[in-house]
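For reference, the chains in residue letters:
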Amino acid sequence: MYQWRKFEFFEEKFAGKCSIPEDVTGDVTCCSSGRGKIIVGCDNGAVSLLDRGLKFNYGFQAHSASVLFLQQLKQRNYLVTVGEDEQISPQLSSMCLKVFDLDKMQPEGSSTSSPECVQILRIFTYQYPEAKITSFLVLEEAPPILLIAIGLDNGYIYGIKGDIARERIKRFKLEVYSHTDKSQSSIMGMGFRVDGQATQLFAVTPTSVSLFSLQTEPYSQNTLDQIGCNSNAVAMTDRSQELMIGRDEAVYFYEVDGRGPCWAFEGEKKFLGWFRGYLLCVIADHRSNKNTFNIYDLKNRLIAHSFVTKEVSQMLCEWGNIILIMADKSALCIGEKDMESKLDMLFKKNLYTVAINLVQSQQADAAATAEVLRKYGDHLYSKQEYDEAMAQYINTIGHLEPSYVIQKFLDAQRIYNLTNYLEKLHEKGLASKDHTTLLLNCYTKLKDVEKLNVFIKREDGVGEHKFDVETAIRVCRAANYHEHAMYVAKKAGRHEWYLKILLEDLGSYEEALQYISSLEPSQAGVTVKEYGKILIEHKPDDAIEILMRLCTEDAELARRGSSSGLYTSMLPSPVDFLNIFIHHPEALMNFLEQYTNKVKDSPAQVEIHNTLLELYLSNDLDFPLISQANIDEPPTNSRGGRPSAPAVMSRPKTNGKLSVYQKDLNKEKYHQERLQKGLRLLKTAWPSDLEHPLYDVDLAIILCEMNEFKEGLLYLYEKMKLFKEVTACYMQSHDHEGLIACCKRLGDSGKGGDPSLWADVLKYFGELGEDCSKEVKEVLTYIERDDILPPIIVLQTLSNNPCLTLSVIKDYIARKLEQESKLIEDDRKAIDKYQEETLAMRKEIQDLRSNARIFQLSKCTACTFTLDLPAVHFMCMHSFHLRCLGDNEKECPECAPEYRSVLEMKRSLEQNSKDQDQFFNKVKNSKDGFSVIAEYFGKGIISKTRIRGNGTLGAGNSSSSSGF
């Protein structure tokens with residue numbers, strides 16, 4: 001105890017001028033606190049309620065004689081008192097227990113102004129003999145249940161449990177260890193301990209400490225110690241619910257299983273208390289006849305406050321203060337200083353360790369603790385005790401700004417301390433990118449590879465790094481610690497950094513390719529997109545092999561062991577990797593060719609074919625050919641060992657290079673090979689069963705035109721049935737032989753061709769302006785064969801070419817004139833025939849109108865029997881029995897079918913006259929449109945206009961509807 005420091009962490013409140021008000025008469029025998037008030041009981045039976053500052057509120061007469069014990073309840077505003085009243089009869093004890101409801105006052109008009117007494121109980125009965133009450137305690141269980149313990153001087157404890165206000169109670173008796181000497185059996189103090197649903201009661205006598213379990217009957221007793229105490233220095237701690245007993249030699253703590261720690265504070269203990277983790281103790285010193293009031297901080301082993309006081313009558317706690325009531329009715333109110341004041345006091349004395357222990361024991365917030373640690377660290381730093389200072393700064397991590405500490409230790413002499421701080425900062429996961437950079441720079445500056453290894457490789461398990469990965473990689477890379485940078489990148493899954501170091505710093509292209517091959521397909525695809533350009537430049541074959549595995553089912557086969565078309569749509573497309581071939585078109589062509597040979601139904605085949613067409617048809621690709629290499633070296637191209645063109649015989653070298661002639665020859669040969677590949681792709685990617693090709697037709701046409709690829713252009717136009725564009729290509733290139741051959745193939749209408757192509761060809765030769773007699777004669781042959789153009793149009797067309805003579809078309813004109821003459825002769829014969837038939841018909845009609853008909857047939861035309869009456873004769877000279885005609889007597893059965901067919905033909909022609917679309921289609925598709933119009937007029941299909949009787953125009957059919 002003598003080693004404990006004394007501090008003034010408490011101070012007197014109200015300037016030490018507190019006292020019990022004069023309104024409180026009589027001597028104070030007991031007191032209690034709670035619900036913001038202090039309640040005192042006096043030997044005259046009065047009870048007084050005091051407010052803050054010990055100001056009198058009101059008082060009332062609780063008992064007629066004296067108040068021995070009282071307790072203010074916390075959950076309900078009830079006051080329980082034990083006192084002596086007037087003895088009504090000798091058989092009844094004068095000792096009573098009363099319960100007052102402090103929220104209910106006596107009604108106005110009554111003789112006294114006091115709270116309502118809700119219940120009065122006689123403590124002693126026949127079963128519970130009277131004895132001196134030495135201690136009193138009330139426990140509030142679930143309201144309105146109370147548990148009251150009354151300790152007696154005979155070693156018994158009387159218990160009352162239940163709703164006392166309604167007198168629904170149960171009494172019980174507990175007997176503590178009995179002693180022959182009555183003075184050694186008195187109950188000096190008690191304490192309730194509640195552990196969940198279990199309720200326990202400590203009981204202290206001068207010779208024992210006992211623990212009763214009140215959970216189930218019969219109540220069990222456990223003797224914790226054979227030594228008790230002779231005074232009322234008994235109290236309970238608040239949180240741990242431990243029993244405290246004050247003896248002359250020490251203060252003892254008891255738990256449910258026995259005696260706990262003890263603190264050797266000498267002197268007679270008058271009062272014990274517990275306040276906010278402090279032990280309150282009033283000690284009497286018989287040598288000096290003085291009382292000392294000490295406040296002990298048991299955790300930090302210090303005396304928080306100490307002073308000599310008068311004789312203390314009561315000690316209690318309320319309003320956050322400690323209140324001591326003296327025997328002379330004076331009082332002291334002692335309050336704890338705030339934490340800042342206490343710390344300032346310790347800082348002035350440089351007692352930083354005490355300050356740290358204080359804030360930690362009082363569970364101050366982490367920021368306050370860190371501030372104390374910082375000041376302690378600053379104090380040690382000022383004394384140049386850098387190691388000890390850094391130990392304190394490390395404890396502030398998470399609350400103190402790291403830059404505050406870092407600035408103090410930036411000198412080269414203190415780099416070891418700075419390294420230690422930065423390491424702890426990373427261990428707690430609070431380091432920023434700058435802290436990681438600084439720590440790694442410290443390692444590299446110290447050349448401490450071992451610590452760098454520990455920092456980088458200490459985490460063997462899989463999880464989050466405690467430093468910024470990218471910063472660590474960048475710093476190690478800048479310091480040429482490539483192995484460490486690669487380790488971090490690989491462990492953190494930062495594949496892009498791992499490959500960046502391999503490719504840009506180390507140039508390890510083989511290792512980079514192996515690393516990419518080991519990645520998941522999705523990750524490998526991302527890395528190839530970023531670093532594919534470098535790989536294509538240095539290792540094109542291997543890079544293309546990786547791309548093939550990514551874009552085909554090989555990767556899935558390797559991982560799943562089976563093939564399925566379902567994965568095709570999930571695989572990356574070659575189109576995603578086109579940008580990495582930006583400077584290597586030949587490698588791109590190689591990759592796409594391999595892909596198309598292996599994958600036939602790619603979702604991106606249109607884009608792939610478009611790219612291949614552009615590569616095949618382009619004129620200005622600068623490919624590294626075999627001819628550019630030295631003859632002594634094996635012929636290779638940018639793709640690795642396979643030659644891109646046939647081997648060429650060695651020619652004499654000039655200054656180590658092949659001749660320009662040889663270069664141009666090989667370049668042109670390779671260009672022709674690519675053109676043939678392009679034409680082959682145009683054909684294979686447009687199967688006959690597809691309406692549209694597997695490439696962009698418009699793009700293909702543009703590429704062919706830009707690169708003057710005539711074969712491809714002709715194929716596309718012919719496939720799209722743009723026959724006129726096909727002939728235009730031949731005309732543009734003046735390929736007369738190909739033009740005529742094209743027209744022979746595409747101008748045959750019987751095979752779905754367009755005969756009008758011959759007219760375009762004839763027009764082309766007519767406007768050519770040069771001698772093309774041979775070609776014109778051949779064209780005229782097909783025009784004449786199919787009767788495509790009238791001769792007059794042919795003459796007009798060819799007359800525009802001044803180089804053509806009449807001899808070119810002389811035979812054609814002669815044949816056409818002969819054909820026309822023959823047609824005219826045939827028409828004249830037909831006219832004469834029709835005129836003769838017309839005259840005969842008119843004569844017959846006139847004869848029928850003007851002359852009588854003589855019917856001389858003797859047999860029926862139908863049955864060939866002799867004709868007898870009744871008979872029917874028709875103007876067509878046919879005669880029938882009436883019975884042979886049946887119901888139809890108005891027309892000749894022999895001539896009627898022919899007549900009806902004529903009428904049907906007439907009605908059909910009249911119906912066709914209303915179908916304008918059919919008429920115009922015939923005019924459009926006919927070789928001679930005028931003949932179609934003449935035919936319609938000749939058949940009477942087109943109506944003629946006639947004048948109506950009212951002078952208006954009307955349409956009338958020129959044909960007659962008259963019949964027999």
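Residues numbered from 1 in each chain as written. Predicted model: local features only at pLDDT ≥ 70, side-chain atom pairs only at ≥ 80, totals over all residues. Heavy atoms only, no water.

## Brief notes about the overall build of the protein
Then comes step 1: Each helix and strand counted, the protein has 30 helices and 34 strands in total.
Then comes step 2: The proportion of buried residues among the 964 residues of the protein is 44%.
Then comes step 3: When contacts within the protein are restricted to residue pairs at least 6 apart in sequence, long-range pairs at least 24 apart make up 47% of them.
Then comes step 4: Taken as a whole, the protein presents about 53,000 Å² of accessible surface, with 49% of it coming from carbon and sulfur. (Helix = DSSP H or I, 4+ residues; strand = E, 2+ residues; numbered from the N terminus. Buried < 20%, exposed > 50% of the residue type's maximum accessible area, 1.4 Å probe, protein only. Contact = heavy atoms within 4.5 Å. Areas by Shrake-Rupley, 256 points an atom, 1.4 Å probe, with all protein chains shown as cover.)

## Here's the deal with the sheet that holds strand β18 (residues 208-213)
Sheet strands line up and pair through hydrogen bonds in the backbone, either parallel or antiparallel.
Then comes step 1: Spatially, the four strands line up as an open sheet ordered β16-β17-β18-β19, and their pairing is antiparallel. Looking at strand neighbours, the two that pair on one side only are β16 (189-195) and β19 (220-225), the edges of this open sheet. Each strand of the sheet is rotated relative to its neighbour by a mean of 25°, with strand direction disregarded.
Then comes step 2: The pairing of strand β17 (residues 198-205) with β18 spans six bridges and is antiparallel. What sits directly across from phenylalanine 202, in β18, is leucine 211. (Pairing = 2+ DSSP bridges. Axes fitted to C-alpha atoms, helices over the stretch in contact; angles between N-to-C directions.)

## Some words on the pattern of salt bridges
Then comes step 1: According to the stated counting rule, one finds 27 salt bridges in the structure shown.
Then comes step 2: Taking the shortest distance from any N to any O, the salt bridge between glutamate 593 and lysine 677 comes out at 3.2 Å. In this pair, glutamate 593 is assigned in helix α16 (residues 585-598) and lysine 677 in helix α18 (residues 660-684), connecting sequence segments 84 residues apart.
Then comes step 3: Through salt bridges that share partners, Asp225, Arg247 and Arg259 make up one connected network. (Salt bridge = Lys/Arg side-chain N within 4 Å of Asp/Glu carboxyl O.)

## Comments concerning the packing of aromatic side chains
Then comes step 1: Taken as a whole and assessed by the stated rule, the structure comprises 26 aromatic pairs.
Then comes step 2: Each ring, one from tryptophan 686 and one from tyrosine 695, has its centre 6.5 Å from the other, and the planes form 85°; the classification is edge-to-face. The pair tryptophan 686 / tyrosine 695 is uniform in exposure class, with both members buried.
Then comes step 3: Among the aromatic side chains, those forming a connected cluster through ring pairs are Tyr381, Tyr386, Tyr393, Tyr404 and Phe409.
Then comes step 4: Sitting over the face of the ring of tyrosine 386, arginine 414 holds its NZ or CZ atom 4.7 Å from the ring centroid. (Phe/Tyr/Trp six-rings, centres within 6.5 Å; stacked < 30°, edge-to-face > 60°. Lys NZ or Arg CZ within 6 Å of the ring centre and 35° of its normal.)

## Quick word on the pairing of strand β26 (residues 290-297)
Then comes step 1: Of all eight residues in β26, six are buried, a share of seventy percent or more.
Then comes step 2: In this sheet, β26 lies alongside strand β25 (residues 278-285) in antiparallel orientation, the contact comprising seven bridges. If you follow leucine 279 over to β26, its bridge partner there is tyrosine 296.
Then comes step 3: Counting the residues that bridge the hairpin from β25 to β26 gives four residues, and of these asparagine 289 lies at a positive phi of roughly 55°.
Then comes step 4: Pairing of β26 with strand β27 (residues 302-309), which is carried by seven bridges, proceeds in the antiparallel orientation. From the neighbouring strand, asparagine 291 faces β27, where its bridge partner is threonine 309.

## Regarding the confidence of the model for the protein
Then comes step 1: In the predicted model, the protein carries a mean pLDDT of 80, and the fraction of residues at 70 or more is 88%.
Then comes step 2: Here residues 623-658 is a poorly scored stretch, pLDDT under 50, and it has 58 contacts once near neighbours within four places are set aside; other chains count.
Then comes step 3: The model gives residues 951-964 a pLDDT under 50, and that stretch makes 26 contacts with residues more than four places away or in other chains. (pLDDT = per-residue confidence, 0-100.)

## Things to note about helix α14 (residues 540-551)
Then comes step 1: Here α14 spans 16 Å end to end across 12 residues, near enough to the 16 Å set by a 1.5 Å rise per residue.
Then comes step 2: Pro540, Ala543, Ile544, Ile546, Leu547, Met548, Leu550 and Cys551 are the residues of α14 that are buried.
Then comes step 3: Tucked inside the fold, the buried residues of α14 contact α12 (509-518), α13 (521-538) and α16. (Expected span 1.5 Å × (residues − 1).)

## Things to note about α13
Then comes step 1: Its 18 residues give α13 an end-to-end C-alpha distance of only 22 Å, which falls more than 12% under 26 Å, the value for a rise of 1.5 Å per residue.
Then comes step 2: Taken as a whole, α13 has its buried residues at Ala524, Gly525, Thr527, Val528, Tyr531, Gly532, Leu535 and Ile536.

## As for the side chain of serine 330
Then comes step 1: Its place among the elements puts serine 330 in strand β30 (residues 330-336).
Then comes step 2: By relative accessible area, serine 330 is classed as buried at 17%.
Then comes step 3: Among the polar contacts listed, one links the side chain of serine 330 to the side chain of aspartate 328, at a separation of 2.6 Å.
Then comes step 4: Discounting chain neighbours no more than four positions away, the residues touching serine 330 are Cys18, Ser19, Lys310, Leu324 and Ile325. (Polar contact = N/O pair within 3.5 Å; in protein donor to acceptor, adjacent residues only side chain to side chain.)

## Structural notes on a nonpolar patch on the surface
Then comes step 1: A contiguous nonpolar surface patch, about 230 Å² in accessible area, is contributed by Ile792, Ile793 and Leu795.
Then comes step 2: With respect to the secondary-structure elements, leucine 795 resides in helix α25 (residues 791-798). (Patch = residues over 30% accessible without salt bridge, like charges linked within 9 Å, V, L, I, M, F, W, Y side chains within 5 Å.)

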